Amino acid sequence: MNTKLKNFVNGFLRENPLLVLNIGLCSSLGVTTSIFNGLGMGAGMTFVLVMSEIVISLFRKLIPSAIRLPVFITVIAAFTTIVQMVLNAYVENLYNALGVFIPLIVVNCIIMGRVEAFASKNKIGDSILDALGMGIGYTIVLVLISLIRELLGGGTLFAGTSLKIEVIPEAYRIGIFNSAPGGFLVFGVLAALVQAWKQSQKNKADAAEIAALKKAELSETKEAPNA
């Protein structure tokens, strides 16, 4: 696979920040009670991640190693403040729903981890692809968790928007999915499915390697008498 494409798609599944790397879990469990919240949080995180990686990658050779962490935090905080101000001005209901999780983007492990591990060591183009891949992968998982929790716990889809649809009557809703234990349950099931997929891929690769070795041994055995 092309290196640039790999940088982009890694965050979708193989190195998904939530389901594989298990970082940034607080927001994934705290805001995913509706699709609207999950999508909003994912978009905000992706914006901060992309812009932070761009800036850090652009100035990576000028940032002294001794003060790199304070510089990283300052850059991340600046873009987080932009997100906070924009949401407060134009999407107040989302701003109120996300609450404290917006300013906590500053210390989110996903952003700090990618800035430190990738953007500070790679060119701007690669950093943008890495940030987009991680951000999109994060957002997809948030929306998926939100979809399950909102549907089973609230019986609705797209709550908080003009597109709100009631799907399950109140008597048949499972209230636990609106609480933290429900979030952990959904996250655990999704993480288990990803691990099962990764194990199946590993088993296929191992089986293919064993088959190739056996084929090579058989070929050598057939050639031996002729020698």
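The structure presented is a predicted model; accordingly, all values stated were derived computationally and were not measured.

Peer 1: Help me understand the pattern of salt bridges in this model?
Peer 2: Should the charged atoms of two oppositely charged side chains come close, the side chains can pair. By the definition in use, this model includes five salt bridges. With its nearest N and O atoms 2.7 Å apart, the salt bridge here joins Asp130 to Arg114. Of the two residues, Asp130 sits in helix 7 (residues 124–154) while Arg114 sits in helix 6 (residues 109–119), which places them 16 residues apart along the sequence. As far as the burial class goes, Asp130 and Arg114 line up, both buried.

Peer 1: Is there a simple way to explain the nonpolar core in this structure?
Peer 2: In a soluble, globular protein the nonpolar side chains are often hidden away together inside. Met41 and Ile111 are the most contacted members of the largest nonpolar core, which has 40 residues in total. Elements that contribute at least two residues to this core include exactly helix 3 (35–58), helix 4 (68–90), helix 5 (92–98), helix 6, helix 7 and helix 8 (180–226). By residue number, the principal contributor to this core is helix 3, which donates seven residues. Each residue touching Met41, except ones within four places of it in the same chain, is listed here: Ser27, Val31, Leu98, Phe101, Ile105, Tyr138 and Leu142.

Peer 1: How should the environment of Val194 be read in this particular structure?
Peer 2: With respect to the secondary-structure elements, Val194 resides in helix 8. Accessibility expressed as a relative area gives 8% for Val194, which makes it buried. Measuring from C-alpha to C-alpha, the distance between Val194 and Leu19 comes to 7.0 Å, with 175 residues separating the pair along the chain. Residues contacting Val194, with those up to four places away along its chain left out, are Leu13, Leu19 and Val20.

Peer 1: When you look at a nonpolar patch on the surface in this model, what are you seeing that I'm missing?
Peer 2: A grouping of Phe12, Leu13, Ile136 and Ile140 is seen on the molecular surface, where their side chains present a nonpolar patch of about 300 Å² in accessible area. Inspection of the secondary structure puts Leu13 in the loop between helix 1 (3–9) and helix 2 (25–30). Overall, the relative accessible area of 31% leaves Leu13 in the partly exposed class.

Reading guide: rules and limits
- Residues numbered from 1 in each chain as written.
- Predicted model: local features only at pLDDT ≥ 70, side-chain atom pairs only at ≥ 80, totals over all residues.
- Heavy atoms only, no water.
- Salt bridge = Lys/Arg side-chain N within 4 Å of Asp/Glu carboxyl O.
- Helix = DSSP H or I, 4+ residues; strand = E, 2+ residues; numbered from the N terminus.
- Buried < 20%, exposed > 50% of the residue type's maximum accessible area, 1.4 Å probe, protein only.
- Core = buried A, V, L, I, M, F, W, Y, C linked by side-chain atoms within 4.5 Å.
- Contact = heavy atoms within 4.5 Å.
- Patch = residues over 30% accessible without salt bridge, like charges linked within 9 Å, V, L, I, M, F, W, Y side chains within 5 Å.
- Areas by Shrake-Rupley, 256 points an atom, 1.4 Å probe, with all protein chains shown as cover.

All quantities given are derived from atomic positions and should not be read as evidence of function.
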